Amino acid sequence: MDYLKNFGRQHIASRLCRIEQKCDRIISELRTIRQCLTSHSSRFDDAIDNMHRNARRMRAAASKDAMLIRKLFRQNLME
């Protein structure tokens, strides 16, 4: 039974880690796109700014979710 609990925790932690890595990758790619664009059209800049802002929000949400899940795990371990 403990094995299943640990497996579930590891699976959730692994999924959160993958989400955080994807958010980091999105932010990195957006920086690269911004640097590669030679024409600084305001449409492109606005689109990139929006994508960057959304990627940061996704990263913050993933971090918050990870913190909440870790807190729940700690509470369950103490019971």
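K.L.:
Please explain the overall build of the protein as it appears in this structure.
P.N.:
Per the secondary structure count, the protein includes 2 helices and 0 strands. Expressed as a percentage of the 79 residues in the protein, the buried residues total 15%. When contacts within the protein are restricted to residue pairs at least 6 apart in sequence, long-range pairs at least 24 apart make up 71% of them. A total accessible area of about 6,500 Å² is found for the protein, and carbon and sulfur atoms account for 57% of it.

K.L.:
Is there a simple way to explain the environment of Glu20 in this structure?
P.N.:
Examined against the element boundaries, Glu20 turns out to sit in helix H1 (residues 2-36). Expressed as a C-alpha distance, the spacing of Glu20 and Ala60, which sit 40 residues apart in the sequence, is 8.7 Å. Sequence-distant contacts of Glu20, that is, excluding residues within four places in its chain, are made with Arg59, Ala62, Ser63 and Ala66.

K.L.:
Just to check I follow, could you spell out the pattern of salt bridges for this structure?
P.N.:
When their charged atoms lie close together, side chains carrying opposite charge are able to pair. Evaluation of the coordinates by the stated rule reveals 2 salt bridges. When the shortest N-O distance is used, the salt bridge between Arg59 and Glu20 registers 3.8 Å. Here Arg59, found in helix H2 (residues 42-78), pairs with Glu20, found in helix H1; they are 39 residues apart in sequence, far enough to count as distant. With a relative accessible area of 25%, Arg59 lands in the partly exposed category.

K.L.:
Hey, could you run me through the environment of Arg34 in this one?
P.N.:
By secondary structure assignment, the location of Arg34 is in helix H1. Given the relative accessible area of 32%, Arg34 is considered partly exposed. Measuring from C-alpha to C-alpha, the distance between Arg34 and Asp49 comes to 9.2 Å, with 15 residues separating the pair along the chain. Ignoring anything within four residues of it in the chain, the contact list for Arg34 reads Asp45, Ile48 and Asp49.

What counts, and where the lines are drawn
- The residue count restarts for each chain, going from 1 along the sequence in the order it is written.
- For this predicted model, a pLDDT threshold of at least 70 governs which residues receive local features, and a threshold of 80 or more governs which side-chain atom pairs are given and counted, while totals over whole chains, interfaces and linings are taken from all residues.
- Side-chain measures here rest on the full set of heavy atoms in the structure, leaving out hydrogens and waters.
- Helix numbers and strand numbers start at the N terminus; a helix is a DSSP run of H or I with at least 4 residues, a strand a run of E with at least 2.
- Three exposure classes are used, based on accessible area relative to the maximum for each residue type with a 1.4 Å probe and protein chains only: buried under 20%, partly exposed in between, and exposed over 50%.
- Every residue pair with non-hydrogen atoms within 4.5 Å of one another is taken to be in contact.
- For every accessible area listed, the method is Shrake-Rupley and the probe measures 1.4 Å; residues are considered covered only by the protein chains on display.
- Any carboxyl oxygen of Asp or Glu within 4 Å of a side-chain nitrogen of Lys or Arg constitutes a salt bridge here.

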